[in-house]
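Listed here are the chains, written in short residue letters.
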Amino acid sequence: MNSSKIILSRQALNSVLVTKLKQLSGTSIRNCMQCGKCSAGCPMAGFMDHAPSRTLRQLQLGQHAQVLAGRSIWYCASCETCTTRCPNGVDLAAIMDALRKLWWDEQGRSEEKQVQLASRLFLDNIRRYGRQHEMRLGALFNLKSGKLFKDLALGPKLMARGKLKLTQEKNRNLAEIEQIFARIEKMRQKGKTP
Ligand code: SF4
Ligand code: SF4
(Lines give C-alpha, C1' and ligand atoms only; values in the text may rest on other atoms or scores of the structure.)
(Ligands and ions follow the chains in the order given, each with its own letter.)
Protein backbone atom coordinates (compact mmCIF):
# COMPACT_ATOMS: atom_id res chain seq x y z
CA MET A 1 0.00 0.00 0.00
CA ASN A 2 1.19 3.54 -0.72
CA SER A 3 2.61 4.88 2.60
CA SER A 4 2.04 8.56 1.66
CA LYS A 5 -1.69 7.83 1.49
CA ILE A 6 -1.65 6.44 5.05
CA ILE A 7 0.18 9.51 6.39
CA LEU A 8 -2.23 11.84 4.60
CA SER A 9 -5.14 9.92 6.02
CA ARG A 10 -3.77 10.10 9.59
CA GLN A 11 -3.21 13.82 9.29
CA ALA A 12 -6.68 14.30 7.85
CA LEU A 13 -8.31 12.31 10.64
CA ASN A 14 -6.76 14.62 13.23
CA SER A 15 -7.63 17.84 11.44
CA VAL A 16 -9.62 20.71 12.92
CA LEU A 17 -12.40 20.10 10.43
CA VAL A 18 -12.82 16.48 11.50
CA THR A 19 -13.04 17.55 15.15
CA LYS A 20 -15.58 20.21 14.24
CA LEU A 21 -17.60 17.70 12.23
CA LYS A 22 -17.70 15.39 15.22
CA GLN A 23 -18.85 18.19 17.50
CA LEU A 24 -21.64 19.19 15.11
CA SER A 25 -22.84 15.76 14.06
CA GLY A 26 -22.04 13.65 17.12
CA THR A 27 -20.47 11.02 14.88
CA SER A 28 -16.95 10.26 13.67
CA ILE A 29 -15.80 9.77 10.11
CA ARG A 30 -13.14 7.46 11.54
CA ASN A 31 -15.76 4.74 12.01
CA CYS A 32 -16.52 4.43 8.30
CA MET A 33 -15.09 1.19 6.91
CA GLN A 34 -16.18 1.88 3.32
CA CYS A 35 -18.64 -0.97 3.01
CA GLY A 36 -20.81 1.12 0.67
CA LYS A 37 -24.18 0.21 2.21
CA CYS A 38 -25.04 3.90 2.61
CA SER A 39 -24.43 4.64 -1.07
CA ALA A 40 -26.38 1.58 -2.17
CA GLY A 41 -29.49 2.83 -0.37
CA CYS A 42 -29.18 6.57 -0.96
CA PRO A 43 -32.05 7.81 -3.16
CA MET A 44 -30.08 10.91 -4.17
CA ALA A 45 -26.73 9.27 -4.99
CA GLY A 46 -27.42 9.53 -8.73
CA PHE A 47 -27.64 13.32 -8.49
CA MET A 48 -24.49 13.73 -6.39
CA ASP A 49 -21.05 14.18 -7.84
CA HIS A 50 -19.80 11.60 -5.32
CA ALA A 51 -21.88 8.96 -3.56
CA PRO A 52 -22.14 9.24 0.26
CA SER A 53 -19.47 6.60 1.06
CA ARG A 54 -17.10 8.24 -1.42
CA THR A 55 -17.73 11.60 0.24
CA LEU A 56 -16.76 10.08 3.58
CA ARG A 57 -13.61 8.62 2.07
CA GLN A 58 -12.71 12.04 0.69
CA LEU A 59 -13.05 13.45 4.21
CA GLN A 60 -10.87 10.65 5.61
CA LEU A 61 -8.22 11.54 3.03
CA GLY A 62 -8.33 15.24 3.80
CA GLN A 63 -10.12 16.31 0.62
CA HIS A 64 -12.38 18.66 2.55
CA ALA A 65 -12.21 21.48 0.04
CA GLN A 66 -13.44 19.22 -2.76
CA VAL A 67 -16.33 17.98 -0.63
CA LEU A 68 -17.41 21.49 0.35
CA ALA A 69 -17.08 22.73 -3.22
CA GLY A 70 -19.10 19.85 -4.66
CA ARG A 71 -22.83 19.39 -5.01
CA SER A 72 -23.28 16.17 -3.02
CA ILE A 73 -23.97 17.90 0.30
CA TRP A 74 -26.71 20.00 -1.30
CA TYR A 75 -28.44 17.06 -2.93
CA CYS A 76 -28.65 15.10 0.31
CA ALA A 77 -32.35 14.99 1.25
CA SER A 78 -31.69 14.17 4.93
CA CYS A 79 -33.79 11.02 4.55
CA GLU A 80 -31.48 9.16 6.98
CA THR A 81 -31.46 5.94 4.93
CA CYS A 82 -27.65 5.92 5.11
CA THR A 83 -27.70 6.35 8.89
CA THR A 84 -30.16 3.50 9.27
CA ARG A 85 -28.19 1.16 6.99
CA CYS A 86 -24.72 1.80 8.38
CA PRO A 87 -23.45 -1.30 10.20
CA ASN A 88 -20.88 0.77 12.08
CA GLY A 89 -23.17 3.43 13.54
CA VAL A 90 -21.95 6.31 11.37
CA ASP A 91 -24.67 9.00 11.30
CA LEU A 92 -23.96 10.10 7.76
CA ALA A 93 -27.12 12.21 7.52
CA ALA A 94 -25.87 14.26 10.48
CA ILE A 95 -22.45 14.58 8.83
CA MET A 96 -24.12 15.94 5.67
CA ASP A 97 -26.01 18.48 7.82
CA ALA A 98 -22.77 19.46 9.55
CA LEU A 99 -20.98 19.88 6.20
CA ARG A 100 -23.73 22.22 5.00
CA LYS A 101 -23.32 24.29 8.15
CA LEU A 102 -19.55 24.41 7.70
CA TRP A 103 -19.98 25.56 4.13
CA TRP A 104 -22.48 28.18 5.19
CA ASP A 105 -20.20 29.43 7.98
CA GLU A 106 -17.23 29.64 5.63
CA GLN A 107 -18.93 31.09 2.59
CA GLY A 108 -22.11 32.67 3.87
CA ARG A 109 -23.86 31.36 0.78
CA SER A 110 -24.48 28.24 -1.25
CA GLU A 111 -23.62 27.57 -4.85
CA GLU A 112 -26.72 25.46 -5.01
CA LYS A 113 -28.90 28.49 -4.27
CA GLN A 114 -32.09 26.94 -5.55
CA VAL A 115 -31.71 23.94 -3.26
CA GLN A 116 -31.27 26.33 -0.33
CA LEU A 117 -34.29 28.36 -1.41
CA ALA A 118 -36.51 25.28 -1.75
CA SER A 119 -35.36 24.02 1.64
CA ARG A 120 -36.06 27.38 3.32
CA LEU A 121 -39.53 27.73 1.77
CA PHE A 122 -40.36 24.12 2.62
CA LEU A 123 -39.52 24.66 6.29
CA ASP A 124 -41.30 28.00 6.34
CA ASN A 125 -44.50 26.26 5.21
CA ILE A 126 -44.13 23.61 7.89
CA ARG A 127 -43.73 26.33 10.51
CA ARG A 128 -46.76 28.29 9.28
CA TYR A 129 -49.17 25.45 8.56
CA GLY A 130 -47.75 22.46 10.39
CA ARG A 131 -47.79 20.63 7.07
CA GLN A 132 -46.76 21.27 3.49
CA HIS A 133 -48.65 23.75 1.30
CA GLU A 134 -47.58 22.71 -2.20
CA MET A 135 -49.29 25.58 -4.02
CA ARG A 136 -47.58 28.19 -1.84
CA LEU A 137 -44.27 26.35 -2.07
CA GLY A 138 -44.36 26.20 -5.88
CA ALA A 139 -45.57 29.77 -6.33
CA LEU A 140 -43.02 31.28 -3.96
CA PHE A 141 -40.21 29.17 -5.40
CA ASN A 142 -40.98 30.35 -8.95
CA LEU A 143 -41.28 33.94 -7.80
CA LYS A 144 -38.08 34.04 -5.76
CA SER A 145 -35.99 31.98 -8.17
CA GLY A 146 -37.05 34.16 -11.11
CA LYS A 147 -38.48 31.17 -13.01
CA LEU A 148 -42.06 32.41 -13.08
CA PHE A 149 -43.44 29.84 -15.51
CA LYS A 150 -41.58 26.78 -14.30
CA ASP A 151 -43.88 23.71 -14.23
CA LEU A 152 -46.90 26.00 -14.66
CA ALA A 153 -48.60 23.59 -17.09
CA LEU A 154 -48.63 20.91 -14.41
CA GLY A 155 -50.74 23.05 -12.03
CA PRO A 156 -54.21 22.45 -13.55
CA LYS A 157 -53.58 18.71 -13.92
CA LEU A 158 -52.52 18.37 -10.29
CA MET A 159 -55.47 20.49 -9.14
CA ALA A 160 -57.89 18.34 -11.16
CA ARG A 161 -56.58 15.28 -9.32
CA GLY A 162 -56.84 16.99 -5.95
CA LYS A 163 -53.07 16.97 -5.46
CA LEU A 164 -52.75 20.76 -5.38
CA LYS A 165 -55.01 23.00 -3.32
CA LEU A 166 -55.33 26.77 -3.31
CA THR A 167 -55.62 26.89 0.46
CA GLN A 168 -54.19 24.75 3.21
CA GLU A 169 -55.63 24.02 6.63
CA LYS A 170 -53.35 24.45 9.58
CA ASN A 171 -52.26 21.44 11.58
CA ARG A 172 -54.04 21.40 14.94
CA ASN A 173 -50.70 20.73 16.67
CA LEU A 174 -49.15 23.90 15.30
CA ALA A 175 -48.17 25.16 18.77
CA GLU A 176 -46.08 22.02 19.37
CA ILE A 177 -44.45 22.36 15.96
CA GLU A 178 -43.57 25.97 16.77
CA GLN A 179 -41.95 24.77 20.00
CA ILE A 180 -39.73 22.42 17.97
CA PHE A 181 -38.63 25.25 15.67
CA ALA A 182 -37.98 27.53 18.65
CA ARG A 183 -35.94 24.80 20.34
CA ILE A 184 -33.82 24.30 17.22
CA GLU A 185 -33.24 28.05 16.95
CA LYS A 186 -32.03 28.15 20.54
CA MET A 187 -29.67 25.21 19.91
CA ARG A 188 -28.36 26.93 16.78
CA GLN A 189 -27.66 30.09 18.72
CA LYS A 190 -25.64 28.00 21.17
CA GLY A 191 -23.84 26.32 18.26
CA LYS A 192 -25.20 22.90 19.21
CA THR A 193 -26.79 21.97 15.92
CA PRO A 194 -26.20 22.51 12.17
S1 SF4 B 1 -22.58 2.31 5.54
FE2 SF4 B 1 -21.36 3.25 7.21
S3 SF4 B 1 -19.42 2.13 7.24
FE4 SF4 B 1 -20.45 1.63 5.30
S5 SF4 B 1 -19.58 3.11 3.83
FE6 SF4 B 1 -21.44 4.03 4.62
S7 SF4 B 1 -20.82 5.28 6.40
FE8 SF4 B 1 -19.12 3.89 5.89
S1 SF4 C 1 -29.53 11.27 4.27
FE2 SF4 C 1 -28.63 12.13 2.40
S3 SF4 C 1 -26.80 10.91 2.02
FE4 SF4 C 1 -28.06 9.79 3.47
S5 SF4 C 1 -29.29 8.36 2.19
FE6 SF4 C 1 -30.53 10.22 2.53
S7 SF4 C 1 -30.08 11.54 0.77
FE8 SF4 C 1 -28.46 9.96 0.84
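Bear in mind the structure is a predicted one, so any value in this text is a computation, not a measurement.

K.L.:
Give me the lowdown on the overall build of the protein chain, citing residues and values where you can.
P.N.:
What the protein chain contains, in helices and strands, is 12 helices and zero strands. Moving toward the C terminus, one meets the helices and strands of the protein chain in the order α-α-α-α-α-α-α-α-α-α-α-α. Counting every position in the protein chain, which comprises 194 residues, the buried fraction comes to 34%. Working note: accessible area of the protein chain is about 12,400 Å², and carbon and sulfur atoms make up 53% of it.

K.L.:
Quick rundown of the site of ligand 1? Include the residues and the values.
P.N.:
Around ligand 1, the neighbouring residues are Cys32, Met33, Gln34, Cys35, Gly36, Lys37, Cys38, Ser53, Leu56, Cys86, Pro87 and Val90. Among the detected pockets, ligand 1 sits in the largest cavity. The set of elements that each furnish at least two residues to the shell around ligand 1 consists of helix H3 (37-41) and helix H4 (52-60). Taken together, the residues of the shell around ligand 1 break down into eight nonpolar, three polar and one charged.

K.L.:
Give a detailed account of the site of ligand 2, specifying residues and quantitative values.
P.N.:
In the vicinity of ligand 2, the contacting residues are Cys42, Pro43, Met44, Pro52, Cys76, Ala77, Ser78, Cys79, Glu80, Thr81, Cys82 and Ala93. Because more than half of its atoms lie within 2 Å of the grid, ligand 2 is assigned to the second largest cavity.

K.L.:
Talk me through the side chain of arginine 100; I want residue IDs and the actual numbers.
P.N.:
Note on placement: arginine 100 falls in helix H8 (residues 92-107). Arginine 100 gets classed as buried once you look at its relative accessible area, which sits at 13%. Here aspartate 97 takes part through its side chain, which lies 2.4 Å from a polar atom of the side chain of arginine 100. If we ignore the near neighbours within four places in the chain, the residues touching arginine 100 are Ile73, Trp74, Cys76 and Ser78.

K.L.:
Give a detailed account of helix H9 (residues 113-129), specifying residues and quantitative values.
P.N.:
A rise of 1.5 Å per residue sets the reference length of H9, with its 17 residues, at 24 Å; its end C-alpha atoms lie 24 Å apart and thus fit the reference within 8%. Among the residues making up H9, those that are buried are Leu117, Leu121, Asn125 and Tyr129. Within H9, the buried residues cover an arc of 70° as seen down the axis, which keeps them to one side. Contact partners of the buried residues in H9: helix H10 (134-145) and helix H12 (174-189). At the exit of H9 stands glycine 130, carrying a positive phi of roughly 75°.

K.L.:
Explain the nonpolar core to me, and be specific about the residues and the numbers.
P.N.:
The biggest cluster of nonpolar side chains holds 28 residues, and the ones touching the most others in it are Leu21, Ile29, Leu56, Leu59, Ile73, Ile95 and Leu99. Sorting the residues of this core by element identifies helix H2 (16-25), H4, helix H5 (64-69), helix H6 (72-75) and H8 as the ones contributing at least two each.

K.L.:
Help me get a handle on H12, residues and values and all.
P.N.:
Look at H12: 23 Å from first C-alpha to last across 16 residues, which is about the 22 Å you get at 1.5 Å a residue. What H12 keeps buried is the set Leu174, Ile177 and Phe181. Projection of H12 onto a plane perpendicular to its axis shows the buried side chains occupying an angular sector of 65°, all on one side. Away from its buried face by more than 90 degrees, H12 exposes Ala175, Glu176, Gln179, Arg183 and Lys186.

K.L.:
Before we move on, could you go through the layout of surface pockets and cite the residues and values that matter?
P.N.:
Of the pockets and cavities examined, the second largest pocket occupies roughly 400 Å³. For the second largest pocket, the lining is made up of 18 residues, of which Gly138, Ala139, Asn142, Lys150 and Asp151 are closest to its centre. Put simply, the parts of the chain that give the lining of the second largest pocket at least two residues each are H10 and helix H11 (154-160). Per element, the largest residue contribution to the lining of the second largest pocket is seven residues, and it comes from H10. For the lining of the second largest pocket, the residue count by class is 12 nonpolar, three polar and three charged.

K.L.:
Could you give me a rundown of the pattern of salt bridges, with the residues and numbers involved?
P.N.:
Scanning the model with the defined rule gives six salt bridges in all. Among the salt bridges present, the one from glutamate 185 reaches arginine 127, with a minimum N-O distance of 2.7 Å. Of this pair, glutamate 185 sits in helix H12 while arginine 127 is found in helix H9, placing the two residues 58 residues apart along the sequence. Each member of the salt-bridge network shares a partner with another, and the members are Asp124, Arg128 and Arg136.

Calculation notes
- Residues numbered from 1 in each chain as written.
- Chains lettered and ligands numbered in written order.
- Predicted model: local features only at pLDDT ≥ 70, side-chain atom pairs only at ≥ 80, totals over all residues.
- Heavy atoms only, no water.
- Helix = DSSP H or I, 4+ residues; strand = E, 2+ residues; numbered from the N terminus.
- Buried < 20%, exposed > 50% of the residue type's maximum accessible area, 1.4 Å probe, protein only.
- Areas by Shrake-Rupley, 256 points an atom, 1.4 Å probe, with all protein chains shown as cover.
- Near = heavy atom within 4 Å.
- 1 Å grid on protein atoms, 1.4 Å probe; cavity = no way out; pocket = protein on both sides within 12 Å on 5 of 7 lines; lining within 4 Å.
- Sits in = over half its atoms within 2 Å of the grid points.
- Nonpolar A, V, L, I, M, F, W, Y, C, P; charged D, E, K, R; others polar.
- Polar contact = N/O pair within 3.5 Å; in protein donor to acceptor, adjacent residues only side chain to side chain.
- Contact = heavy atoms within 4.5 Å.
- Expected span 1.5 Å × (residues − 1).
- Arc of directions from axis to C-beta.
- Core = buried A, V, L, I, M, F, W, Y, C linked by side-chain atoms within 4.5 Å.
- Points joined across faces, edges and corners; volume = space filled by probe spheres on them.
- Salt bridge = Lys/Arg side-chain N within 4 Å of Asp/Glu carboxyl O.

Limitation: the analysis is restricted to geometry and does not speak to function.
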